[in-house]
Amino acid sequence: MRDQLSKLVFSTDGGRIKDEPQEPTITPSDGIARVRRETKGRKGKGVVTITGLGLAPKELKALAKTLKQKCGTGGTVVDETIEIQGDKRDVIKVELEKSGFKVKFIGG
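Treat the numbers as computed from the prediction; the structure is a model and nothing was measured. (Residues numbered from 1 in each chain as written. Predicted model: local features only at pLDDT ≥ 70, side-chain atom pairs only at ≥ 80, totals over all residues. Heavy atoms only, no water.)

Attention now goes to the nonpolar core. Core analysis: the largest hydrophobic core is formed by 17 residues, its most contacted members being Ile50, Leu53, Leu63, Leu67, Ile82, Ile92 and Leu96. Among the elements of the structure, strand S1 (32-38), strand S2 (47-51), helix H2 (57-71), strand S4 (81-85) and helix H3 (89-98) are those that each provide at least two residues to this core. The element contributing the most residues to this core is H2, with 5 residues. In this structure Leu96 touches Ala33, Val35, Ile50, Leu53, Leu63, Leu67, Phe101 and Val103, once residues within four positions along its chain are discounted. (Core = buried A, V, L, I, M, F, W, Y, C linked by side-chain atoms within 4.5 Å. Buried < 20%, exposed > 50% of the residue type's maximum accessible area, 1.4 Å probe, protein only. Helix = DSSP H or I, 4+ residues; strand = E, 2+ residues; numbered from the N terminus. Contact = heavy atoms within 4.5 Å.)

Rendered as structure tokens:
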């Protein structure tokens, strides 16, 4: 009997094994939204990245949507970073300040 158990390949006595969905961790914000213009890895195309917001994923997507509409460009949310196509830093700064963030430009 013991030899048979050691060669066991499949068993149904464990029931369904389901991973519990984990809530995404949100990095706390220090109240400063960091706005940076990047071209690295994008074939020379400029993208403005916004980090340090400390918002939940749904709130980040909603903010990204309003920023894209105000700038008239495309963009996306990657992890906790909003990426907006083009160099619209001034428009983004005004909109983030309306939302209650202090804005700091990083880099050139």
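By the bridge criterion, 5 bridges tie S1 to strand S5 (residues 102-106) in an arrangement that is parallel. Its bridge partner being in S5, Ala33 is matched across the sheet by Val103. (Pairing = 2+ DSSP bridges.)

What follows deals with the pattern of salt bridges. Counted under the stated rule, the structure contains 5 salt bridges. In this structure, Arg36 and Glu38 form a salt bridge, with 3.8 Å as the shortest nitrogen-oxygen distance. Exposure remark for Arg36: the relative accessible area of 35% places this residue in the partly exposed category. In this structure, Asp87 and Arg89 form a salt bridge, with 2.9 Å as the shortest nitrogen-oxygen distance. The network of salt bridges with common partners includes Arg37, Asp87 and Arg89. (Salt bridge = Lys/Arg side-chain N within 4 Å of Asp/Glu carboxyl O.)

Of note, Leu53 is situated in the loop between S2 and H2. Residues Leu53 and Asp30, 23 residues apart in the sequence, show an inter-C-alpha distance of 8.1 Å. The residues contacting Leu53, other than those within four sequence positions of it, are Ser29, Ala33, Leu60, Leu63, Ile82, Leu96 and Phe101.

Of note, Pro57 is situated in helix H2. With a relative accessible area of 39%, Pro57 lands in the partly exposed category. Counting along the chain gives 21 residues from Pro57 to Val78, while the straight-line C-alpha distance between them is 9.8 Å.

To continue, consider the pairing of S2. Among the 5 residues of S2, 4 are classified as buried, and the element is accordingly described as predominantly covered. Pairing between S1 and S2: 5 bridges, direction antiparallel. Bridge assignment links Arg37 to a residue of S2, and that residue is Val48. Bridge analysis of S2 against S4 gives 4 bridges, and the strand direction is antiparallel.

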